[in-house]
Amino acid sequence: MLNTVKIYIPGFALAFIIGLFSTFLNKKLGVPTSLLALFIGIGVSFLYQRNTLQSGINFSSRFILRFGVAFLGFRIVFDDIFTLGWSTAFMISISIATTIFVGIITAKFLGLRKDFGALTGGAVSICGASAAIAITTVLPDHKDKERNLSFTIIGITAFSTAAMVLYPIIGHMLNLNPTDMALFLGGTIHDVAQTAGAGYAVSEEVGDLAILTKMIRVSFLLPVVVCFMLYLQTKNSDSGSKVPVPTFLFVFIAFIILNSILTIPQEVTEKINIVSRQALITAIAAIGLKSNLRDILNVGLKPIILIAIQTLTMAVITITYITYL
């Protein structure tokens, strides 16, 4: 047992240190932590060739990844849905389903894999890199799977950062009141951090409500992953192959229930969120270490167009809801 743990330590330590350094740079430079972790990991990806590091890096990109996603459950409380109302939750569900569907159709039209469209659609519509990481665990294995995940994290973070700057300006141009501005920002921006950045740049009231809206989107991570898993199980039933059920989903559900029925001190949930966030950053660093920059650069323009169309879909649905409903 001890020898098995020792095998994982060097690679895990490398990914963890890259994650910590990325967090430090984020505070100094303001660049998204996930993007920094991924790029630094890619920059030193030659280290993955060392046998002493491979086991720990693989462990970080799989187990630590699932650990981080599972603990996202502590960000979600069922009462959030009641606070914003069922109409808002319904709008979010429609925008998520439509964005994923548009992603799959657009990917097929562009000559890309349909599961790549599902991956980017889920990342755009739910919670950026965290959703991409969770969804990729149930998607079919193929030679470009990790490359597609790396590109998705880069693309989603770039579009989310652009949205953080542009969407408040668009909201002011549309003369949105604070509530509608919050719904617009929380219902469209991909990552939680950028949602907070855009919301609090407008006002504290908008920031609080935007994050609340965003948390409802995050709560859809579970049903979306389960739907993908069930679809793939049905599709593969004829061949006899099975899609493994990720155990982290059950932990994710348990944490949501605990956070909803128990009064957990805020300082405890904040520390749990820090652990979850650092686990995800460590996993992203490990994914970067396993990636090849040349392969990512060879992806081309089509995936960028795909993410842009999905981003526009989310924005149009949300603005339509705010304006006419």
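Now for a look at the structure at hand. (Residues numbered from 1 in each chain as written. Predicted model: local features only at pLDDT ≥ 70, side-chain atom pairs only at ≥ 80, totals over all residues. Heavy atoms only, no water.)

**Examining the overall build of the chain**
- Check the secondary structure of the chain and you find 16 helices and 0 strands.
- Each principal axis of the C-alpha distribution contributes one length, and for the chain these read about 60 × 45 × 40 Å.
- Within the chain, the proportion of its 325 residues that are buried is 52%.
- A separation of at least 24 residues holds for 79% of the contacts in the chain among residues at least 6 apart in sequence.
- Measuring between centres, the 22 positive side-chain charges of the chain sit 13 Å from its 15 negative side-chain charges. (Helix = DSSP H or I, 4+ residues; strand = E, 2+ residues; numbered from the N terminus. Buried < 20%, exposed > 50% of the residue type's maximum accessible area, 1.4 Å probe, protein only. Contact = heavy atoms within 4.5 Å. Lys, Arg positive; Asp, Glu negative; His and termini not counted. Charge placed at Lys NZ, Arg CZ, Asp CG, Glu CD.)

**Examining the packing of aromatic side chains**
- Using the criterion set out here, one finds 7 aromatic pairs in the structure.
- Relative to Phe16, the ring of Phe12 lies with its centre 5.8 Å away and its plane at 25°, an arrangement referred to as stacked. Highlighted residues: Phe12 and Phe16, both in helix α1 (residues 2-29), separated by 4 residues, approximately one helical turn. (Phe/Tyr/Trp six-rings, centres within 6.5 Å; stacked < 30°, edge-to-face > 60°.)

**Looking at the packing of helix α5 (residues 86-110) against helix α16 (residues 302-324)**
- Two elements in contact, α5 and α16, have axes separated by 9 Å at closest approach and are oriented at 155°. As judged from the angle between their axes, α5 and α16 are roughly antiparallel. Crossing handedness for the pair α5 and α16: right-handed. Each of Ser87, Thr88, Met91, Ser95, Ile96, Thr98, Thr99, Val102, Gly103, Thr106, Ala107 and Leu110 in α5 lies in contact with α16, whose residues at this interface are Lys302, Ile305, Leu306, Ile309, Gln310, Thr313, Met314, Ile317, Thr318 and Tyr321. (Axes fitted to C-alpha atoms, helices over the stretch in contact; angles between N-to-C directions. Parallel < 35°, antiparallel > 145°, perpendicular 65-115°, else oblique. Left-handed = near helix turned anticlockwise from the far one by under 90°.)

**Structural notes on unusual backbone geometry**
- The backbone phi angle of Asn175 is positive, close to 60°, even though this residue is not glycine.
- You can see Asn175 is positioned in the loop between α8 (145-173) and α9 (178-188).

**Points about the packing of helix α3 (residues 51-70) against helix α13 (residues 248-261)**
- Interhelical geometry of α3 versus α13 gives an angle of 25° and a closest axis separation of 8 Å. The orientation of α3 relative to α13 falls into the category roughly parallel. For the pair α3 and α13, the crossing hand works out as right-handed. Contacts from Arg66, Val69 and Ala70 in α3 reach Phe248, Val251, Phe252 and Phe255 in α13.

**With respect to the pattern of salt bridges**
- Enumeration over the complete set of coordinates arrives at 4 salt bridges.
- For Arg147, the salt bridge is made with Asp144, and the minimal N-O distance between the two is 3.8 Å.
- Taking relative accessible area as the criterion, Arg147 reaches 24% and is therefore assigned partly exposed.
- Lys290 is paired through a salt bridge with Glu146; the nearest N and O atoms lie 2.7 Å apart. (Salt bridge = Lys/Arg side-chain N within 4 Å of Asp/Glu carboxyl O.)

**What about the side chain of Thr311?**
- Residue position: Thr311 is located in helix α16.
- On the accessibility criterion, Thr311 (7% relative accessible area) is buried.

**Observations concerning the side chain of Lys290**
- Mapped onto the elements of the fold, Lys290 is located in the loop between α14 (266-289) and α15 (293-297).
- With a relative accessible area of 16%, Lys290 lands in the buried category.
- At 2.7 Å, the side chain of Lys290 and the side chain of Glu146 are in polar contact.
- Discounting chain neighbours no more than four positions away, the residues touching Lys290 are Tyr48, Ile57, Asn58, Ser61, Arg62 and Glu146. (Polar contact = N/O pair within 3.5 Å; in protein donor to acceptor, adjacent residues only side chain to side chain.)

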